Amino acid sequence: MKIKLRQLLTEAIKIPKDTKHNITIYGESHFNPDEVHSIRAQIIKNKPDIIVHELPEDATFYKKHLPNTKFYHLERGLDQKIYKYFSNDLASQFKHREDNMLRNIDYAGFSGLGNTGPKNINVVVGDTHLRTIDTPELGKKSQFNNRGYNIIRSKYSEIK
């Protein structure tokens, strides 16, 4: 099934209801090397079918250690000018980024289906994107919650 790029960027692709992926989301403090190494080790131990990661530069590391695992960039398709468009409105910036992230998680699960059934998907995102409270600066609580994901928050989280 071909998916037009425009459709991918404007619509959330829904995973078929009869497919239950095991999706684990890791909230990472990107600038804490101990935590980055710990999450990397856990993902290698998990041997996921698919990794969806906020930082595209991590693809090289995972391809070395998990050569048969598909790797997707969590912010694929995001207009990098978003930081300019919403330079004074972090809440809108986070909403657009998180909408795009969720579309990419759906897409990774959908594109990797084939005939092999449910997938084990590991996702790495900055822990702030997993916040459980509304804030004036970042807007509504994270859309990642209440989606049936296994969420593992950072022990160095910046926000509840």
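This text goes with the structure placed above it.
Counting of residues starts from 1 at the beginning of each chain's written sequence and follows it residue by residue. Local features in this predicted model are restricted to residues of pLDDT 70 or higher, and side-chain atom pairs are both shown and tallied only at a pLDDT of 80 or more, whereas totals for entire chains, interfaces and linings draw on every residue. Heavy atoms from the whole structure form the basis of all side-chain values; hydrogens and water molecules are not counted.

**Here we look at unusual backbone geometry**
Of note, Lys47 is a non-glycine position whose phi angle comes to about 50°, a positive value. Counting from the N terminus, the helices are DSSP H or I runs at least four residues long and the strands are E runs at least two residues long. When you line up the elements, Lys47 lands in the loop between helix 2 (33-46) and strand 2 (50-53). Per-residue accessibility, obtained with a 1.4 Å probe over protein chains only, is compared with the maximum for each type, and a residue is labelled buried under 20%, exposed over 50%, and partly exposed between these values. Look at Lys47 and you get exposed, because its relative accessible area is 61%. For Asn146, which is not a glycine, the phi torsion comes out positive at approximately 60°. Note on Asn146: relative accessible area 75%, which makes it exposed.

**A word on the packing of aromatic side chains**
Aromatic contacts are taken between Phe, Tyr and Trp rings whose centres are within 6.5 Å, Trp giving its six-membered ring; a plane angle under 30 degrees counts as stacked, one over 60 as edge-to-face, and the others as tilted. Within this structure, the stated rule accounts for four aromatic pairs. Ring centres 5.1 Å apart and planes at 85° place the aromatic pair Phe61 and Tyr62 in the edge-to-face group. Geometrically, the ring pair formed by Phe144 and Tyr149 is tilted, given 6.5 Å between the ring centres and 55° between the ring planes. Residue Tyr149 is classed as buried on the basis of its relative accessible area, which comes to 13%. The rings of Phe61, Tyr62 and Phe71 are connected pair by pair, giving a single aromatic cluster. Criterion for a charge above a ring: Lys NZ or Arg CZ within 6 Å of the ring centre, and within 35 degrees of the ring normal. Arg40 extends its terminal NZ or CZ atom over the ring of Phe61, reaching a point 4.2 Å from the ring centre. Sitting over the face of the ring of Phe94, Arg97 holds its NZ or CZ atom 5.6 Å from the ring centroid.

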